[in-house]
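As a plain string of letters, each chain reads:
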Amino acid sequence: QVQLVESGGGLVQPGESLRLSCAASGRLFSIYSRGWYRQAPGKQRELVAQLTIDDITTYADSVKGRFTITRDNAKNMWYLQMNGLKPEDTALYYCAVYNRDLGVFEWGQGTQVTVSS
C-alpha cells in the first residue's frame, strides 16, 4: 500500500494562487499514476490532473491553462500549482495514486481549498 498526505490548502480570494503538495510513502514502486482529484459539496469526485509514470499528463478542461501538476521523484512528492483560482474551484482536494499491483486507487485524506471574496 501507499500512504499519502496532502498539504497546502486554504482560503484565498478569486484570482489568487495556491500550491498543493502530496507526500507519498510505502510501496512506491507500485504506482502507475499520481493525481489530484476534488469533490465539491453535493458533487461527485472528479479528476483535476494526473501524471503517469510515462510522463503523460491529463487535466480537466475546467483547469487547463491554470493548474499544473509536477513531481519531485527524489522527495517522493508531487504538487498542484493552482493559479487564477475561481470560486468554482472550491472543493476538498485529494491526492491519489493508481496502484497497478492492487488494481486500485489509493487516497489521501484531502485538503480544503476555498476560493471566496
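Residues numbered from 1 in each chain as written. Predicted model: local features only at pLDDT ≥ 70, side-chain atom pairs only at ≥ 80, totals over all residues. Heavy atoms only, no water.

S.K.: Help me understand the sheet that holds strand β1 (residues 2-7) in this model?
M.R.: What links the strands of a sheet is backbone hydrogen bonding, and the strands pair in either a parallel or an antiparallel sense. Within the open sheet, the four strands sit side by side as β1-β3-β8-β7. Their pairing is antiparallel. Each edge of the sheet is formed by a strand with only one pairing partner; in this case those strands are β1 and β7 (67-72). Neighbour-to-neighbour, the strand axes of this sheet turn through a mean angle of 20°, independent of strand direction. In this structure, β1 lies alongside strand β3 (residues 18-26), joined through six bridges in antiparallel fashion. In the strand pairing of β3, Gln 3 is matched with Ser 25. (Pairing = 2+ DSSP bridges. Helix = DSSP H or I, 4+ residues; strand = E, 2+ residues; numbered from the N terminus. Axes fitted to C-alpha atoms, helices over the stretch in contact; angles between N-to-C directions.)

S.K.: I keep staring at the environment of Pro 41 and nothing clicks. Help me out?
M.R.: Structurally, Pro 41 can be placed in the loop between β4 (31-39) and β5 (46-52). What makes Pro 41 exposed here is its relative accessible area of 77%. Each C-alpha atom of the pair Pro 41 and Leu 51 lies 26 Å from the other, and the pair is ten residues apart in sequence. (Buried < 20%, exposed > 50% of the residue type's maximum accessible area, 1.4 Å probe, protein only.)

S.K.: Even after reading the chapter, I still don't get the state of the cysteines, so can you show me in this structure?
M.R.: Put plainly, a disulfide is one covalent bond tying together the sulfur atoms of two cysteines. In the structure shown here, the tally under the stated rule is one disulfide. A sulfur-sulfur separation of 2.1 Å characterises the disulfide bridge that pairs Cys 22 with Cys 95. Note on the Cys 22 and Cys 95 pair: the S-S dihedral is about 50°, so by sign convention the disulfide is right-handed. Note that Cys 22 is positioned in strand β3 and Cys 95 in strand β9 (residues 91-99), a separation of 73 residues in sequence. Looking at Cys 22, the relative accessible area reads 0%, which means it is buried. Residue class for Cys 95 comes out buried when judged on its relative accessible area of 0%. (Disulfide = S-S within 2.5 Å.)

Worth remembering: the numbers are spatial, not functional.
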